[in-house]
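Per-entry structural report
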Amino acid sequence: MSRDEIVIALLSCGASSLVRTIEDVEAGRARRVRIDPLPGDPALFREVIELLRSIGAEVEILRPGVRSSLRRAG
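Below or above, wherever it landed, is the structure these notes cover.

Ranked by internal contacts, the top residues of the largest apolar core, which has 20 residues, are Leu10 and Leu52. Listing elements by their share of this core, those giving two or more residues are α1 (3–12), α2 (16–27), β1 (32–35) and α3 (42–54). The leading source of residues in this core is α3, at six residues. Those residues in contact with leucine 52 that sit more than four places away from it in its chain are Thr21, Ile22, Val25, Val33, Ile35, Ala57 and Val59.

Our focus in this paragraph is the side chain of threonine 21. Assignment of secondary structure puts threonine 21 in helix α2. Among all residues touching threonine 21, those that are not within four sequence positions of it are Val33 and Leu52.

Here we take up the packing of α2 against α3. Following both chains from N to C, one finds α2 and α3 inclined at 15 degrees, their axes separated by 10 Å at the closest point. On the basis of their axis angle, the class for α2 and α3 is roughly parallel. Seen along the crossing, α2 lies across α3 with a hand that is left-handed. Two secondary-structure elements touch here, α2 through Leu18, Thr21, Ile22 and Val25 and α3 through Val48, Leu51 and Leu52. In the contact of α2 with α3, the residues fall into six nonpolar, one polar and no charged.

This paragraph deals with the environment of proline 37. Residue position: proline 37 is located in the loop between β1 and α3. Under the relative-accessibility criterion, proline 37 is labelled partly exposed at 34%. Separated by 25 residues in sequence, proline 37 and leucine 62 place their C-alpha atoms 7.0 Å apart.

Time to look at α1. Taken together, the buried positions of α1 are Ile6, Val7, Ala9 and Leu10. Angularly, the buried residues of α1 cover 165 degrees about the axis, an arc narrow enough to put them on a single face. Away from its buried face, by an angle of more than 90 degrees, α1 presents the exposed residues Ile8 and Ser12. Buried residues in α1 make contact with α2 and α3. Following α1 by one or two positions, glycine 14 adopts a phi angle in the positive range, close to 80 degrees.

Procedures and definitions
Residues numbered from 1 in each chain as written. Predicted model: local features only at pLDDT ≥ 70, side-chain atom pairs only at ≥ 80, totals over all residues. Heavy atoms only, no water. Core = buried A, V, L, I, M, F, W, Y, C linked by side-chain atoms within 4.5 Å. Buried < 20%, exposed > 50% of the residue type's maximum accessible area, 1.4 Å probe, protein only. Helix = DSSP H or I, 4+ residues; strand = E, 2+ residues; numbered from the N terminus. Contact = heavy atoms within 4.5 Å. Axes fitted to C-alpha atoms, helices over the stretch in contact; angles between N-to-C directions. Parallel < 35°, antiparallel > 145°, perpendicular 65-115°, else oblique. Left-handed = near helix turned anticlockwise from the far one by under 90°. Nonpolar A, V, L, I, M, F, W, Y, C, P; charged D, E, K, R; others polar. Arc of directions from axis to C-beta.

The following block contains the structure:
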């Protein structure tokens, strides 16, 4: 899948934040990125990870529920 095809697919499923992440890595504004798994198409998610890594990003995939399991002290 080409970069443009990935961007179109992400926009069609409402994942514009991932498009911004790709653009940030391409522009050199980000090198290490954390992304949430995409609901739905696992093949598209693999393509996104592969694209990000190919343009120089270090990708960390957040596990679902990690943030919700954190509790505030107090």
